[in-house]
Amino acid sequence: MTPQQIIDNARIPGTQSILVLGSFEKRVTVYAQQVRALNLVDAMLSENLVRPEGGKVAIIGGGAAGITAAVALARTCPGLDKLDLFERSPVILALQHGSRRFLHPHFYDWPAVGSNADAAGLPIMNWTAGPAGNVAASLRAEFEATRHNSVLTLHADNNVTNLIPSRLGPIRVVVDKRSAVGRIYDIVILAVGFGLEAHLDGETPSYWSPSGLAAPIHTQLQNPILFVSGNGDGGLVDFLMAAFNALEHHEIGAMLMDLDLGPARAELEAIETEAWAAGADLDLLAEYRVRLGPLIPALVWQEIAGRLRPGVHVHFHTREPRLLRKTSALHNRLGVYLVLEADREMGNNAITVTTGAEFDGGIPKRGEIRIVGQAPFEPLRRFLRLGPDSVSNLEPFKDILANYPGAMNPPLSAIRPESPSLTASAAARFAGLAPAPAAEPDPLAPPGAAGPLIIGLSPGEAGAIVWSSEVGLDDAGQIWSGGRNVALHCSISAIDAAPLAPMLARLGAHATGFTFYTKDVAGWRTGLATLCASKGLPGPDLEMSCLVTEWQEVALQGPAVELAAPVLAATVQVRLDREVLRQLHAILFDILGPAAAQIGWPIEPAFRQRLWERWNQWQAALTADDSLCRRFLRLLTSQEDREPARESALVGLGLKTLRPFMTKSTIFALAFAVCSGMPMSPADVHPGNLAYHAMTGHSCGVSWINERMLGTRNAMDQTWTTGVVLLSQLRQAVQMIEGDLRMDRSMSDAPAIGTIAASEGPLIIGADEGFVAALEVGELELRAYLQSIFRWRTETVTPTLEEVADDAA
């Protein structure tokens with residue numbers, strides 16, 4: 001389609017600039033939605049719907065389509081004034097988070113040319129086949145990298161409740177947590193997708209949740225029943241997982257894609273062609289049985305039969321008159337046919353198929369399964385794959401979508417659900433944004449910096465540790481900055497070198513690549529995995545891990561240094577702190593210096609200069625005092641302010657957390673110090689990482705607390721130690737963070753922390769829209785903004801104290 005046709009198909013009639021992206025398509029895969037997003041963004045730019053300089057764009061929905069459109073716009077239009085993505089869940093790609101379901105970019109296109117390629121082949125937001133959780137983590141990482149280097153802003157945990165278009169074009173976006181003031185955009189992309197599946201309010205788990213079918217079935221029941229209902233791909237996949245013996249989805253997908261069908265493949269393709277001919281009405285299962293059975297190689301039947309699950313009965317049901325829709329993936333249909341035939345030919349009779357039968361008495365979300373014409377039964381497990389809950393997902397937009405043709409008639413791409421292709425215009429526009437291909441290695445080049453950096457750890461005298469490397473201890477920070485993979489060879493057991501574990505976990509987690517060679521694989525693997533576990537990190541989906549493998553002998557280079565284990569660990573940790581500070585300084589120069597790099601917080605130029613001057617003062621003090629530097633940096637990436645601090649808390653402090661969690665929290669701290677009337681500076685003692693006389697502060701950039709995405713409630717529930725808490729990733733306005741009255745102290749008690757009275761607790765300030773808007777206007781505006789917070793605090797506390805006094809009287 002041409003750019004104009006794409007816009008015409010996407011635009012909601014009666015509005016100038018509300019575009020629907022992928023919410024009513026029939027081929028709905030991660031890859032297909034991404035292609036539609038890139039084509040739409042290209043069409044918007046080709047048709048001049050977006051002002052590249054000063055334009056304001058909102059995207060509703062943080063699924064594959066929404067985040068791909070957001071990254072595409074951020075990278076092609078760096079001069080946008082606003083690029084806001086709203087997602088009602090706490091994280092983007094929430095459905096796929098941690099899921100083991102198999103995603104392959106071209107699975108649904110088989111047997112087309114190129115359908116076996118594992119890579120999506122997209123110019124941006126590219127990915128390779130694998131578990132959905134891994135794919136989501138890869139896409140989320142590119143989204144976050146773009147967000148922290150552009151105007152793109154994520155409004156997570158924000159439910160859009162209405163879109164109000166105007167006759168002149170601009171659209172007001174209304175969210176449920178605050179007023180719509182300031183939320184006016186030139187164009188809005190509605191990419192809300194299809195939401196959760198229907199009927200999850202019973203015993204059926206979400207399709208994306210970890211599946212118990214990937215494990216053996218253990219029960220005292222005789223002939224336990226696994227019940228699957230649904231004729232779409234979700235139903236077919238769950239039937240295959242129920243029928244095969246403890247296979248993950250990706251294992252089933254790989255098995256089906258690797259089958260050598262011999263002459264049956266050509267016949268299968270012929271059946272597919274006939275099924276899509278005009279006026280065709282084929283019973284696909286019947287066709288497969290008659291035409292494929294004699295052609296399937298014996299080895300295929302042996303492979304399928306050998307994988308079937310013993311000891312259970314699978315009941316596969318659909319209300320449709322026939323099993324196997326032509327719109328479902330061919331691989332899934334083929335797999336179902338092979339399983340049914342293998343069960344029948346072996347005489348197992350372990351599978352019952354029911355077609356064309358309604359449920360008797362409603363959808364059986366729990367309890368007995370009642371199907372018209374059959375005796376009721378109660379399954380061990382049930383999987384109701386009866387389509388998405390699209391109605392509730394689209395409810396906020398039903399009025400504005402009432403006249404959208406795509407909601408009433410299938411779009412052109414739905415005639416046959418093939419994956420869309422990038423338009424020539426989109427391919428040309430985004431090609432320049434693709435990562436540069438890796439240079440071919442020069443076989444004549446001498447070995448040197450390109451090779452791995454080898455570090456050796458071996459036992460010394462009297463329990464000491466010997467460090468051997470071409471990089472000396474004083475230069476340990478270069479291990480991160482050189483961009484080289486690290487190969488660490490440790491001949492000491494995890495128990496004997498326990499004081500080194502947090503340092504090694506931190507070193508490896510933030511290295512470009514890290515392999516740990518040891519004779520104690522089990523001990524070190526367990527210890528390092530625990531230290532790198534996500535719950536101790538400042539946010540989810542950080543790719544932090546240390547590959548631990550079997551010992552290999554290696555020739556060590558460089559001088560050897562022998563130190564006690566605690567001294568060695570402390571020495572390296574300090575050097576790593578200094579490297580983090582050095583790189584933070586460089587990032588802040590890019591943002592606050594002449595380049596004025598975008599981070600989603602536009603800062604008025606004169607104010608930007610003021611912040612840079614204040615940072616130079618702080619940086620000099622941090623450089624001169626290692627303990628001051630450690631406290632300031634550590635608390636940027638952690639909500640825990642323990643004394644003494646745990647060594648494990650340093651694992652999250654490194655290069656991978658610099659941009660996502662430390663940059664904005666530092667700028668927040670600088671802005672507060674300049675404009676609050678309390679010129680705070682880095683604190684060298686507990687509590688907090690900021691102080692001004694008796695006032696203490698904690699500037700913190702975490703995006704979750706106790707494995708819950710950062711929001712008003714868990715921010716209030718956290719035990720803070722300072723008078724002021726600055727949360728750069730909290731988007732709520734301060735007026736929503738009013739704490740409960742403290743009843744465990746007397747009003748006459750002296751404040752225990754800072755100058756906030758005991759009855760108040762800490763003042764928590766998030767980087768809400770008011771803060772961000774004030775940054776853009778300048779220093780005086782931010783001063784006024786902070787003063788309004790202080791006035792609000794005074795006004796809300798005073799009546800509360802009076803109520804307590806009245807009660808006491």
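Residues numbered from 1 in each chain as written. Predicted model: local features only at pLDDT ≥ 70, side-chain atom pairs only at ≥ 80, totals over all residues. Heavy atoms only, no water.

Draft legend 1. View of the overall build of the protein chain. Counting its regular elements, the protein chain contains 24 helices and 27 strands. Across the 809 residues of the protein chain, 52% fall into the buried class. Counted over contacts in the protein chain with a minimum sequence separation of 6, partners at least 24 positions apart contribute 76%. When the accessible area of the protein chain is evaluated, it comes to approximately 34,400 Å², of which 53% is carbon and sulfur surface. (Helix = DSSP H or I, 4+ residues; strand = E, 2+ residues; numbered from the N terminus. Buried < 20%, exposed > 50% of the residue type's maximum accessible area, 1.4 Å probe, protein only. Contact = heavy atoms within 4.5 Å. Areas by Shrake-Rupley, 256 points an atom, 1.4 Å probe, with all protein chains shown as cover.)

Draft legend 2. Fine view of the sheet that holds strand 10 (residues 187–190). Taken in spatial order, the five strands make up an open sheet running 1-10-2-3-6, and their pairing is parallel. At either end of the open sheet lies a strand with only one pairing partner, and these are strand 1 (18–20) and strand 6 (152–156). The mean angle between the axes of side-by-side strands here comes to 20°, regardless of whether they run parallel or antiparallel. Sheet analysis places strand 2 (residues 56–60) next to strand 10, joined by four bridges and oriented parallel. Considered in strand 10, the bridge of Val57 is made with Ile187. Here helix 4 (residues 132–147) sits on the sheet in contact with strand 3 (82–87) and strand 6, set at roughly 120° to strand 6. (Pairing = 2+ DSSP bridges. Axes fitted to C-alpha atoms, helices over the stretch in contact; angles between N-to-C directions.)

Draft legend 3. Just the pattern of salt bridges, in detail. Using the criterion set out here, one finds 38 salt bridges in the structure. Linking Asp201 and Lys365 is a salt bridge whose minimum nitrogen-to-oxygen distance equals 3.1 Å. Separated by 164 residues along the polypeptide, Asp201 in the loop between strand 10 and strand 11 (225–229) and Lys365 in the loop between strand 13 (351–355) and strand 14 (381–384) bring together distant segments of the chain. Asp201 gets classed as partly exposed once you look at its relative accessible area, which sits at 46%. (Salt bridge = Lys/Arg side-chain N within 4 Å of Asp/Glu carboxyl O.)

Draft legend 4. Examining the packing of helix 7 (residues 264–275) against helix 8 (residues 284–292) more closely. The contact between helix 7 and helix 8 brings their axes to 11 Å, and the two run at 150°. Classified by the angle between their axes, helix 7 and helix 8 sit roughly antiparallel to one another. Between helix 7 and helix 8 lies a crossing of right-handed hand. Contacts between helix 7 and helix 8 involve Ala264, Glu267, Leu268, Ala270, Ile271, Glu272, Glu274 and Ala275 on the former and, on the latter, Leu284, Glu287, Tyr288, Arg291 and Leu292. A per-class count over the contact of helix 7 with helix 8 returns eight nonpolar, no polar and five charged. (Parallel < 35°, antiparallel > 145°, perpendicular 65-115°, else oblique. Left-handed = near helix turned anticlockwise from the far one by under 90°. Nonpolar A, V, L, I, M, F, W, Y, C, P; charged D, E, K, R; others polar.)

Draft legend 5. Geometry of the sheet that holds strand 18 (residues 513–518). Strand order in the open sheet formed by six strands is 19-18-17-15-16-20, and the pairing between neighbours is mixed. Strands with a single pairing partner mark the edges of an open sheet, and in this sheet they are strand 19 (547–550) and strand 20 (560–563). The average angle at which neighbouring strand axes cross in this sheet is 20°, direction not considered. As defined by bridge partners, strand 16 (residues 465–469) adjoins strand 20 across four bridges and the pair is classed as antiparallel. Within strand 20, the position partnered with Trp467 by the bridge is Val561. Against the sheet, helix 16 (residues 501–509) makes contact with strand 15 (453–459), strand 17 (485–490) and strand 18, and its axis sits at roughly 140° relative to strand 18, the strand it touches most.

Draft legend 6. Spotlight on the confidence of the model for the protein chain. For the protein chain, per-residue confidence averages 86 on the pLDDT scale, and residues scoring 70 or more make up 90% of the total. Segment residues 411–415: pLDDT under 50, and nine contacts once partners within four positions in sequence are set aside and those in other chains are kept. Between residues 436–449, whose pLDDT stays under 50, and residues either more than four places distant or in other chains, the model counts two contacts. (pLDDT = per-residue confidence, 0-100.)

Draft legend 7. Quick peek at the packing of aromatic side chains. A complete count under the given rule lists 18 aromatic pairs for this structure. Between the aromatic rings of Trp601 and Phe771, the centroid separation amounts to 5.3 Å while the plane-to-plane angle is 75°, which identifies the pairing as edge-to-face. On the criterion of sequence distance, the pair formed by Trp601 in the loop between helix 18 (565–592) and helix 19 (605–624) and Phe771 in helix 23 (residues 769–777) is long-range, its members being 170 residues apart. Summarising the burial analysis for this pair, Trp601 and Phe771 share the class buried. With 5.9 Å between their ring centres and 80° between their planes, Trp618 and Phe632 make a pair best called edge-to-face. (Phe/Tyr/Trp six-rings, centres within 6.5 Å; stacked < 30°, edge-to-face > 60°.)

Draft legend 8. Expanded view of the environment of Ser150. Within the secondary structure layout, Ser150 lies in the loop between helix 4 and strand 6. Ser150 sits in the buried class, given a relative accessible area of 7%. Along the chain, Ser150 and Gln598 lie 448 residues apart, while their C-alpha atoms are 4.4 Å from each other. Contacts of Ser150, omitting those with residues within four sequence positions, involve Ala74, Gln598, Ile599 and Gly600. There is a polar contact of 3.2 Å between the side chain of Ser150 and the backbone nitrogen of Leu152. (Polar contact = N/O pair within 3.5 Å; in protein donor to acceptor, adjacent residues only side chain to side chain.)

Draft legend 9. The arrangement of the side chain of Asn689 in detail. With respect to the helices and strands, Asn689 occurs in the loop between strand 21 (681–682) and strand 22 (690–692). At 3.3 Å, the side chain of Asn689 forms a polar contact with the backbone oxygen of Phe632. Leaving out residues up to four positions away in the same chain, Asn689 has contacts with Arg631, Phe632, Leu635, Leu636, Ser681, Pro682, Ala683, Gly697, His698 and Ser699.

Draft legend 10. Fine view of the pairing of strand 7 (residues 160–165). Pairing of strand 7 with strand 8 (residues 171–175) involves five bridges; the strand directions are antiparallel. Opposite Val160, over in strand 8, you have Val175 as the bridge partner. Counting the residues that bridge the hairpin from strand 7 to strand 8 gives five residues, and of these Gly169 lies at a positive phi of roughly 125°.

Draft legend 11. Here's a closer look at the pairing of strand 11. Taken across its five residues, strand 11 has four buried, putting it largely inside the fold. Where strand 11 and strand 12 (residues 313–318) come together, five bridges link them in parallel fashion. Each residue of the ladder has a partner; that of Ser229, found in strand 12, is His317. Pairing geometry for strand 11 and strand 14, over four bridges, is parallel.

Draft legend 12. Up close: unusual backbone geometry. Following Glu643, the chain continues to Pro644 via a peptide bond in cis, the omega torsion being 0°. Here Pro644 is to be found in the loop between helix 20 (626–636) and helix 21 (655–675). Residue Pro687 follows His686 across a cis peptide bond; omega there is 5°. Tracing the sequence through the fold places Pro687 in the loop between strand 21 and strand 22. Even without being glycine, Asp157 reaches a positive phi, approximately 60°. If you trace the backbone, Asp157 turns up in the loop between strand 6 and strand 7.

Draft legend 13. Representation of the nonpolar core in the model. Among the nonpolar cores identified, the biggest contains 103 residues, and Leu73 and Phe239 are the most heavily contacted of them. At ten residues, helix 2 (residues 30–46) tops the list of elements feeding residues into this core. Ignoring any residue separated from it by four or fewer positions in sequence, one finds Phe239 in contact with Val228, Val314, Phe316, Val336, Val339, Leu340 and Ile351. (Core = buried A, V, L, I, M, F, W, Y, C linked by side-chain atoms within 4.5 Å.)

Draft legend 14. Looking closely at the side chain of Arg634. Following the sequence through the fold, Arg634 ends up in helix 20. This buried residue, Arg634, is left without a salt bridge; Asp641 holds the nearest opposite charge, at 4.2 Å. Among residues more than four places away in sequence, those in contact with Arg634 are Glu640, Asp641, Arg642, Ala645, Ala649, Leu650 and Leu653. (Lys, Arg positive; Asp, Glu negative; His and termini not counted.)

Draft legend 15. The environment of Pro216, seen in detail. Tracing the backbone through its elements, the reader meets Pro216 in the loop between strand 10 and strand 11. Judged by its relative accessible area of 45%, Pro216 is partly exposed. Distance from Pro216 to Phe244, taken between C-alpha atoms, is 10.0 Å for residues 28 residues apart in sequence. Excluding residues that lie within four positions of it along the chain, Pro216 makes contacts with Ala246 and Arg309.

Draft legend 16. Quick look at helix 1 (residues 3–10). Residues Ile6, Ile7 and Ala10 constitute the buried set of helix 1. Summarising the axial view, the buried residues of helix 1 lie within an arc of 95°, below the 170-degree limit, and thus occupy one face. Turning to helix 1, the residues buried within the fold contact strand 1 and helix 2. (Arc of directions from axis to C-beta.)

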